[in-house]
Amino acid sequence: MLEKVALIYTDQYQKYDFGPDHPLRPLRLKLTYDLMERLNLLKHERIEIKKPIIATREQIERAHDPEYVEVIKKLDANPNDSSIFPYDYGLGPGDNPIFKGMYEASALVCGASTLAADLVWKNDDIMIGFNPAGGLHHANKKRASGFCIFNDIAVAIHHLKYLKKDIRIAYLDIDCHHGDGVQWLFYDDPNVLTISFHESGNFLFPGTGHTNEVGEGAGKGYSINFPLLPDTSNKMFVKLFRYCVPRILEAYAPDVLFTQLGVDMHYSDPLTQMGVSISAYKDIAQTLYTCTHDYCQNRWIAVGGGGYSMTVVPRAWSLFLARMLDVNLENELPPEWIEQVKKEVPGEDTPYLLWDRDDRTEVQLLSNPELTKKMIDYNNSLKALCDNEFIPNISK
Ligand SMILES: [Zn+2]
């Protein structure tokens, strides 16, 4: 039986748009889809491209407060509705500006992640569902946060719980920012294990994701955080990831793996201070693919997430899709796509390779033995925590 990959895509994703000066530009999704197409991934015999529909209000309200959903609906129709004080809901100039059509655009992202989850859960021949527009992991029950209005991940997880009450889900978040919204929404739930790798909250928004945030009540032990130091390099990140993730997933043995694949740990990302390059994501894709087979019942739901370099996001997510399809790509880019990038994002350095050959932070580390030692000691402390606390907590 062919293990199929469902890619959830529509041009309507372009409507989730906070405006021309906002760092989250929907153009990145179009550039991603175009690169996937140029790399011949979209004609693969194992891929199915599906168009999403908007999530129902009932589906959204499983994760969000009905009053908040109503506020978004009202502002969608009239962004200047004076009966609403937007700051009470995390909305307004800055991170989450109000825009016309915001309800529909946000509900569509929820619908797309829900469709990915639905297809993977209901169809034995669909092993993976990937919604690159998803991953809005900061939104909370009653508040928008960090460019996220509705939490599509939480909506999709609730859909899975609706389909099977006692389903066990491992949620893994590699976005550079802590996956706080998802963590808090399932903080007391042992059936949703949340694992987040991110730049430490001591240095970056949203300021949470410390190792002592372990869950509460019945969910105690089922929230795991790996806060990383700024400038963490490929080798440091990948070694820690490869050591910890398979062990955690083996111990938890979920019914399904749900990943948020934000790629803003890249060294060129304008919003963060990490040293990871695209080759690290290539490696991580391989680990996730293997873990899906070995520990997660052959079911993997993937959503996008952060990533604010218009040339990094398409390359990294194309590599994730290639791994999902078991395709080994050459380290080159289609000339037509390079031309498109030159035209559409003239401000960014033009890439000529699919993944970076250089690794700037590795070089920086080699020339700084003191920093190298600090990084290694810190990572070893996280590995020890994983072995001595995180895994025993979920194995009880
Ligand atoms: Zn992020």
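Conventions used here
- Residues numbered from 1 in each chain as written.
- Predicted model: local features only at pLDDT ≥ 70, side-chain atom pairs only at ≥ 80, totals over all residues.
- Helix = DSSP H or I, 4+ residues; strand = E, 2+ residues; numbered from the N terminus.
- Rg over C-alpha atoms; globule rule 2.2 N^0.38 Å.
- Buried ≥ 20, exposed ≤ 12 C-beta atoms within 10 Å, placed from the backbone.
- Contact = placed C-beta atoms within 7 Å.
- Expected span 1.5 Å × (residues − 1).
- Pairing = 2+ DSSP bridges.
- Axes fitted to C-alpha atoms, helices over the stretch in contact; angles between N-to-C directions.
- Parallel < 35°, antiparallel > 145°, perpendicular 65-115°, else oblique.
- Left-handed = near helix turned anticlockwise from the far one by under 90°.
- Nonpolar A, V, L, I, M, F, W, Y, C, P; charged D, E, K, R; others polar.
- Right-handed = clockwise from strand over helix to strand, strands pointing away.
- Core = buried A, V, L, I, M, F, W, Y, C linked by C-beta atoms within 7 Å.

A.B. asks: How should the overall build of the chain be read in this particular structure?
C.D. replies: In terms of regular secondary structure, the chain is built from twelve helices and eight strands. The globule rule puts the C-alpha radius of gyration for 396 residues at 21 Å, and the 20 Å found for the chain is close to it. With respect to the principal axes defined by its C-alpha atoms, the chain has extents near 60 × 55 × 45 Å. A total of 396 residues make up the chain; the buried ones form 50% of that total. Considering only residue pairs separated by 6 or more positions, the chain has 76% of its internal contacts joining residues 24 or more positions apart.

A.B. asks: Before we go on, may I ask you to explain helix 4 (residues 102-122) in this structure?
C.D. replies: One turn of the α-helix equals 3.6 residues, which is why residues spaced by three or four share an orientation. A rise of 1.5 Å per residue sets the reference length of helix 4, with its 21 residues, at 30 Å; its end C-alpha atoms lie 30 Å apart and thus fit the reference within 8%. Among the 21 residues that make up helix 4, 17 are buried, leaving the element largely enclosed by the rest of the structure.

A.B. asks: I keep staring at the sheet that holds strand 2 (residues 47-50) and nothing clicks. Help me out?
C.D. replies: For sheets, the rule is that strands pair by backbone hydrogen bonds, running either parallel or antiparallel. Taken together, the eight strands give an open sheet; going across it, the order is 2-1-3-8-7-4-5-6, and neighbouring strands pair in parallel fashion. Looking at strand neighbours, the two that pair on one side only are strand 2 and strand 6 (223-228), the edges of this open sheet. Across the sheet, the axes of successive neighbouring strands diverge by a mean angle of 15°, strand direction being ignored. Pairing of strand 1 (residues 4-8) with strand 2, which is carried by four bridges, proceeds in the parallel orientation. Counted as the bridge partner of Ala6 is Glu48 from strand 2. Strands strand 1, strand 2, strand 3 (126-131), strand 7 (256-260) and strand 8 (300-303) of the sheet are contacted by helix 4, whose axis makes an angle of about 175° with strand 3.

A.B. asks: Help me understand the packing of helix 8 (residues 278-295) against helix 9 (residues 312-324) in this model?
C.D. replies: Remark: helix 8 packs on helix 9, axes separated minimally by 9 Å, with the N-to-C direction vectors making an angle of 25°. As the angle between them shows, helix 8 and helix 9 are arranged roughly parallel. Considering only the axes of helix 8 and helix 9, their crossing is right-handed. Across the interface between the two elements, Ile278, Tyr281, Lys282, Ala285, Gln286 and Tyr289 from helix 8 touch Val312, Arg315, Ala316, Leu319, Phe320, Arg323 and Met324 from helix 9. Within the contact of helix 8 with helix 9, the residues separate by chemical class into nine nonpolar, one polar and three charged.

A.B. asks: Sorry if this is basic, but what is going on with the pairing of strand 4 (residues 169-173) here?
C.D. replies: The side chains of a regular strand alternate between the sheet's two faces. Here strand 4 lies mainly inside the structure; five of its five residues are buried. Of the two faces of strand 4, both are covered, the one formed by Ile169, Tyr171 and Asp173 as well as the one formed by Ala170 and Leu172. The pairing of strand 4 with strand 5 (residues 192-199) spans five bridges and is parallel. Along strand 5, the bridge assignment pairs Leu172 with Ile195. Taken together, strand 4, helix 6 (residues 180-185) and strand 5 constitute a β-α-β crossover, and its handedness is right-handed. Sheet analysis places strand 4 next to strand 7, joined by five bridges and oriented parallel.

A.B. asks: Explain unusual backbone geometry here, please?
C.D. replies: As a rule of thumb, non-glycine residues mostly have phi less than zero, and peptide bonds are mostly trans rather than cis. Look at the link from Phe205 to Pro206: it is a cis peptide, with omega at 0°. Among the secondary structure elements, Pro206 is positioned in the loop between strand 5 and strand 6. In this model, Gln297 sits at a positive phi of 55°, which is unusual for a non-glycine residue. Along the chain, Gln297 turns up in the loop between helix 8 and strand 8. Classification of Gln297 as partly exposed rests on a count of 16 C-beta atoms within 10 Å. A positive phi angle, near 65°, is found at Asp326, a position not held by glycine.

A.B. asks: So what exactly am I meant to see when it comes to the packing of helix 1 (residues 27-38) against helix 10 (residues 335-344) here?
C.D. replies: Helices that pack against each other are described as a pair by the angle of their axes relative to one another and the distance between those axes. Relative to each other, helix 1 and helix 10 sit at 165°, their axes nearing to 10 Å. On the basis of their axis angle, the class for helix 1 and helix 10 is roughly antiparallel. As for how helix 1 packs across helix 10, the hand of that crossing is right-handed. Residues Leu27, Leu31, Asp34, Leu35 and Arg38 of helix 1 lie in contact with helix 10, whose contacting residues are Glu336, Trp337, Gln340, Val341 and Glu344. Broken down by class, the residue content of the contact of helix 1 with helix 10 amounts to five nonpolar, one polar and four charged.

A.B. asks: I tried to follow the environment of Ala280 on my own but got confused; where do I start?
C.D. replies: Among the structural elements, Ala280 can be located in helix 8. For the pair Ala280 and Lys235, spaced 45 residues apart in sequence, the C-alpha separation works out to 7.8 Å. In this structure, Ala280 is in contact with Asn234, Phe237 and Val238, ignoring residues within four places of it in sequence.

A.B. asks: Is there a simple way to think about the nonpolar core in this case?
C.D. replies: Across soluble globular proteins, nonpolar side chains show a tendency to be buried alongside one another. Counting 119 residues, the largest nonpolar core has Ala116, Ala170 and Phe320 as its most contacted members. With 13 residues, helix 4 is the single largest residue contributor to this core.

A.B. asks: Just to check I follow, could you spell out the pairing of strand 8 for this structure?
C.D. replies: The two faces of strand 8 match: Trp300 and Ala302 on one face and Ile301 and Val303 on the other face are all buried. Relative to strand 8, strand 3 is paired through four bridges, and the arrangement is parallel. Residue Gly129 lies in a different strand from strand 8, and its bridge partner there is Ile301. With four bridges joining them, strand 7 and strand 8 adopt parallel strand pairing. Bridge pairing links Leu257 to Trp300 in strand 8. Handedness of the β-α-β unit built from strand 7, helix 8 and strand 8 comes out right-handed.

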